[in-house]
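Analysis of the macromolecular model
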Amino acid sequence: MSVSFLPGLYIHIPFCDTKCGYCDFYSVTDDSAQPEFIGALCTEIRLAAGDHAFRRPVDTIYFGGGTPSLLKAAEIEKILLAVFDSYTITADCEITLETNPGTVDYLKLYSFKKAGINRLSIGIQSFSDEELKFLGRIHDAGQAKNTLKIAERAGFDNVSIDLIYALPGQTLTSWKQSLKTAMEYQPRHISAYNLIFEPGTPFFRQLQHGKMHPLPEDLEVGFFNFTKDFLNEAGYDHYEISNYAAGPKYLSRHNYKYWNHVEYRGFGPSAHSFIDKRRFSNVRSVKHYIEKIRSGANVVDFEESLSRQQIMFEHVYLHLRTQQGVHLPGFRARFHKDFKRIYAPLINQLLDNRLAVFSNFYFKFTRKGMLLSDEILPEFSAV
Amino acid sequence: MVTTGMYIDNIRNFCIIAHIDHGKSTLADRMLEFTHTISSRELVDQVLDDMDLERERGITIKSHAIQMDYKAKDGQTYVLNLIDTPGHVDFSFEVSRSLAACEGALLVVDAAQGIEAQTLSNLYLAIENDLHIIPVINKIDLPSAQIESVTQQIIQTIGCREEDILLVSAKTGKGIEETLEAIVKQIPPPRGSVDNPAQALIFDSVFDPYRGVITFIRVFEGEFQKRDAIRFFQNNKNFEIDEIGILRMKRQPVKTLRAGDVGYLISGAKDVHDTKVGDTITLARNPADKPVLKYKEIRPMVFSGIYPVNSEDFEQLRESLDKLYLNDSSLVYEPETSQALGFGFRCGFLGLLHMEIIQERLEREYQISIINTVPNVVYHVYLTNGEMIEIDNPSKLPDTGKIDHLEEPYISAQILTPTEYIGNIMKLALDRRGKFINTSYLDSTRVDMHFKFPLSEVIFDFYDRLKSISRGYASFDYEYDDYQESKLIKLDILINGEPLDALSTIVHHEKAYEWGRRLCRKLKELIPRQMFEVVIQAAVGSKIIARDVVKAMRKNVLAKCYGGDVSRKRKLLEKQKEGKKRMKQVGRVEIPQEAFLAVLSMDASGK
């Protein structure tokens, strides 16, 4: 499954057992509305197919959350049925399910596989009990390991794991231990995130009240570099700021669409879509979402039409998140402009400071540049 | 119809001398109400201050006048002209012109605060101008009023009798009628005759976009009528009077203004530079042979560079300064260029307050983001070839080899303080290179101290420091003195090895090291971390005397960016770019506006 420019589908399942203190994705812990929700979701999918917004075949379907693995395999099957009825799906379609340890057993995973899921993204986060507790996860290290074992037994070859580092008080030794443990299970893909204090989360509030302190910058840089070196050594490609794959076959085809500025359609509360220079998103609340779908009302509550300047800026900033960077002929083909020329002074400054390099037909950040990307990227904006 | 003689006998021209917040405006409002010049319903608080900025700062920046009719207890009706005066030392010249237009003054003292330095210096100006002084203690309703001790202060200061002092509460209205009676009985009527060649003193002028320049005058001799050809003494220009009138709540046109009257006139004058405060107007056909007062050109004392943050705003800045200039005869400006800041203007101001007002008006009324450089005084530079040049910009100081010596302007300062703060004040004075002159006691608890200071030492936060070391009790006033020789050197600031001319200052040689150290530290706080190291150095000539480093930023990256993050993150990045736009790019370093005024925000302890 390599990178493609066909559109992808995202399906948001907004239910969790508990909410984790660092997470800013939309979810609720009350699952009483779950059956109606599945119905509403299928309705949204079937209605959207009717608007012919995109008729090209789709080669990724991504169940994100929330905790999609809380759903029964039959429910996943029902949703997929709605998708297959409404869209042309390629034979090699990547179908990912975000799965949390503590919500699945062997049989459930096996049924997911039977329902059509061919990639698992498992929210391991850490192999340290202490760190998992700090993060507010429902599982411990034992359950994390077990989930990886049963995933393999259930026949999943394409398994990705999420890990979080730079937790307050975390040492490089403990992080190295988690990475080493992960290696025992040979995941095909690893998302390794530096902990971010996202506005609106309990962690953010604790930070503001001085009750939690992020690691010093130098240490965070140390974690980033260590992770990159460790995983490169273990045979993983660092293909995006926080993402590593065991070869081009295993990078996340779905997520890569976001960085390649490829079209996607999102279903479910808070899900975003990007179709034909238009980005829009659904209402966040599950309750309102269900009500609106039932009454035939529009569930979209944010919408923007991107100007040419905005598209160009997004194109640049998203591509620069990836190891490949901006493809120069591709940029010219899309915008009829010479990337090197329109950003000449900025590019020269970045080259002089070894923050970026040209490599074949690409312009990309160096490691140093990648770490400073949010400092550099605003300069590409036309504001 | 009244005869001319009777008419002039019933005019009283007066002003109010008071410290800020001692109740001048409230007292004025009460008098307007009492004389039915204005009803309390239409009374917007404090009629005399009509600019937003003035209200916020509680300072009357531009003087106006207002006329009221008062039927006194003797049965006669009097015309009272209240001429407002600016209360701040920056505008002391304007105060003196306003005083010259009056025969009397109310000295208003807050019952809880007592006499302040500013009040005292304006009082002395009034006494010099031979004004009759009516002492008034205001705010006697305050629980904290100390009527007895304030009475003693006033008696010691002006030598009046206790029963001459009026006790007033402008807030409750108590004592207002007594005050009006005192004005009528005690202040002498104007002298002068309609038969003499006409003379009128300009005590203010403002530019009105619809009418042109409105000139506020006090007629001393003769009379002026609509269509008269008038002549300004100072520039010898002739204009025709389009409109002449008196100042009620609004301008009210009349046919004639006669000797003794206060009013306004509108002529063909294009901007306030033709109608300078302190100048005399006469009639072209029968001119007076001399002016009312000897005219004195006021010279700006404090200079600062004003630059647009965005270089494309330069023309807009020029236009805005041009507009401000129409209404401000004391503002001077000329274009200059800075290596660091590009094109801008070197502006001269009467003082720090005047500077702040101009800066605020540029930002607020004209909406230009500006950077202003550290204010400085004008130095006299004596060159080895015997020549003397004036320097109003530290970066223009010639090479030390060419300089024989430097002189800087001094001020005579007067500080009024409760006795317990004498020690603190002496210490502050020493720190600011002050020379102690003398002390006199106002009463057993308050003392009047005199110093000479280099002006450059008081333009930085002196007033704030004085207030903080005296718990707000000490007050301060000054007048310009002469130039004196000082051992001064130029202190340069280098950013990554490049001199930043806009941050050059001239300092006393003994202070250079300390200043350099503090300035570097302050700049380190103000300059945000960038993608590379920023080295800040202070240098005297080629010698580096202080150094600080803003460490390079190493990491700023969001961990995740998926489908739901794209729009939000784009907006975030765009906002960041907007924020950076407000900084000035000097070489590769982005420097925030505040950094150019770092000197002003250094606290005394240097922390």
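Overview of the structure. (Residues numbered from 1 in each chain as written. Chains lettered and ligands numbered in written order. Predicted model: local features only at pLDDT ≥ 70, side-chain atom pairs only at ≥ 80, totals over all residues. Heavy atoms only, no water.)

With respect to the overall build of chain B
Broken down by element type, chain B carries 15 helices and 33 strands. When the 607 residues of chain B are sorted by exposure, 58% land in the buried category. Restricting the contact set of chain B to residue pairs at least 6 apart, pairs at least 24 apart contribute 70%. Here chain B has roughly 26200 Å² of accessible surface; of this, 48% comes from carbon and sulfur atoms. (Helix = DSSP H or I, 4+ residues; strand = E, 2+ residues; numbered from the N terminus. Buried < 20%, exposed > 50% of the residue type's maximum accessible area, 1.4 Å probe, protein only. Contact = heavy atoms within 4.5 Å. Areas by Shrake-Rupley, 256 points an atom, 1.4 Å probe, with all protein chains shown as cover.)

Observations regarding the overall build of chain A
Helix and strand content of chain A: 16 helices and 15 strands. Taken over 383 residues, chain A has a buried fraction of 57%. In chain A, the share of contacts with a sequence separation of at least 24, taken over all contacts with a separation of at least 6, comes to 69%. Per element, the accessible surface of chain A, about 15800 Å² overall, is 51% carbon and sulfur.

Thoughts on the interface of chain A and chain B
Listed per partner, the contact involves 43 residues of chain A and 33 residues of chain B. Contact between chain A and chain B buries roughly 3800 Å² in total, counting both sides, with carbon and sulfur atoms accounting for 53%. Among the residues chain A hides against chain B, the three largest losses belong to Asp-374, Glu-375 and Val-383 of chain A. Together they make up 18% of the total. Inspection of the chain A/chain B interface yields 10 salt bridges. One salt bridge connects Arg-570 of chain B with Glu-314 of chain A, and the closest N-O pair in it is separated by 2.6 Å. Linking chain A with chain B are 28 residue pairs in polar contact (both at pLDDT 80 or more), by the criterion used here. Those elements giving two or more residues to the side of chain A that touches chain B turn out to be strand 6 (189–194), helix 8 (217–233), helix 9 (253–259), strand 12 (300–305), helix 11 (308–319), helix 15 (367–371) and helix 16 (373–376) of chain A. In terms of residue count, the dominant contributor to the side of chain A that touches chain B is helix 11 of chain A (5 residues). Looking at the side of chain A that touches chain B, its residues break down into 21 nonpolar, 10 polar and 12 charged. (Buried area = accessible area lost by both parts, 1.4 Å probe. Salt bridge = Lys/Arg side-chain N within 4 Å of Asp/Glu carboxyl O. Polar contact = N/O pair within 3.5 Å; in protein donor to acceptor, adjacent residues only side chain to side chain. Nonpolar A, V, L, I, M, F, W, Y, C, P; charged D, E, K, R; others polar.)

Overview of the environment of Gly-260 of chain B
All names here are of chain B. By secondary structure assignment, the location of Gly-260 is in the loop between strand 14 (256–258) and strand 15 (262–266). Since its relative accessible area comes to 0%, Gly-260 is described here as buried. Residues Gly-260 and Gly-222, 38 residues apart in the sequence, show an inter-C-alpha distance of 9.2 Å. Beyond its immediate sequence surroundings of up to four residues, Gly-260 is in contact with Ile-8, Ile-11, Asn-13, Pro-190, Arg-218 and Val-219.

Focus on a positive patch on the surface
Residue and element names in this part refer to chain A. Taken together, the side chains of Lys-277, Arg-308, Arg-334 and Lys-337 present a region of like positive charge at the surface. Position of Lys-337 relative to the elements: it lies in the loop between helix 12 (328–335) and helix 13 (339–342). On the basis of relative accessibility, which here comes to 32%, the residue Lys-337 falls in the partly exposed class. (Patch = residues over 30% accessible without salt bridge, like charges linked within 9 Å, V, L, I, M, F, W, Y side chains within 5 Å. Lys, Arg positive; Asp, Glu negative; His and termini not counted. Charge placed at Lys NZ, Arg CZ, Asp CG, Glu CD.)

What about the pairing of strand 8 (residues 212–221) of chain B?
All names here are of chain B. Most of strand 8 is tucked away, with 10 of its 10 residues classed as buried. Here strand 7 (residues 199–208) runs beside strand 8; their pairing, made up of 9 bridges, is antiparallel. Its bridge partner being in strand 8, Asp-204 is matched across the sheet by Phe-216. (Pairing = 2+ DSSP bridges.)

Details of the sheet that holds strand 20 (residues 370–372) of chain B
Residues and elements named next belong to chain B. In spatial order, the strands read 18-19-17-20; together these 4 strands make up an open sheet with antiparallel pairing. Of all strands in the sheet, those with a lone pairing partner are strand 18 (332–338) and strand 20, marking the two edges. On average, each strand axis in the sheet is tilted by 30° relative to the strand beside it, whichever way the strands run. Packing against the sheet, helix 8 (residues 314–326) makes contact with strand 17 (302–308), strand 18, strand 19 (342–349) and strand 20, and its axis sits at approximately 15° to strand 19. Against the sheet, helix 9 (residues 352–364) touches strand 17, strand 19 and strand 20, its axis set at about 15° to strand 17. (Axes fitted to C-alpha atoms, helices over the stretch in contact; angles between N-to-C directions.)

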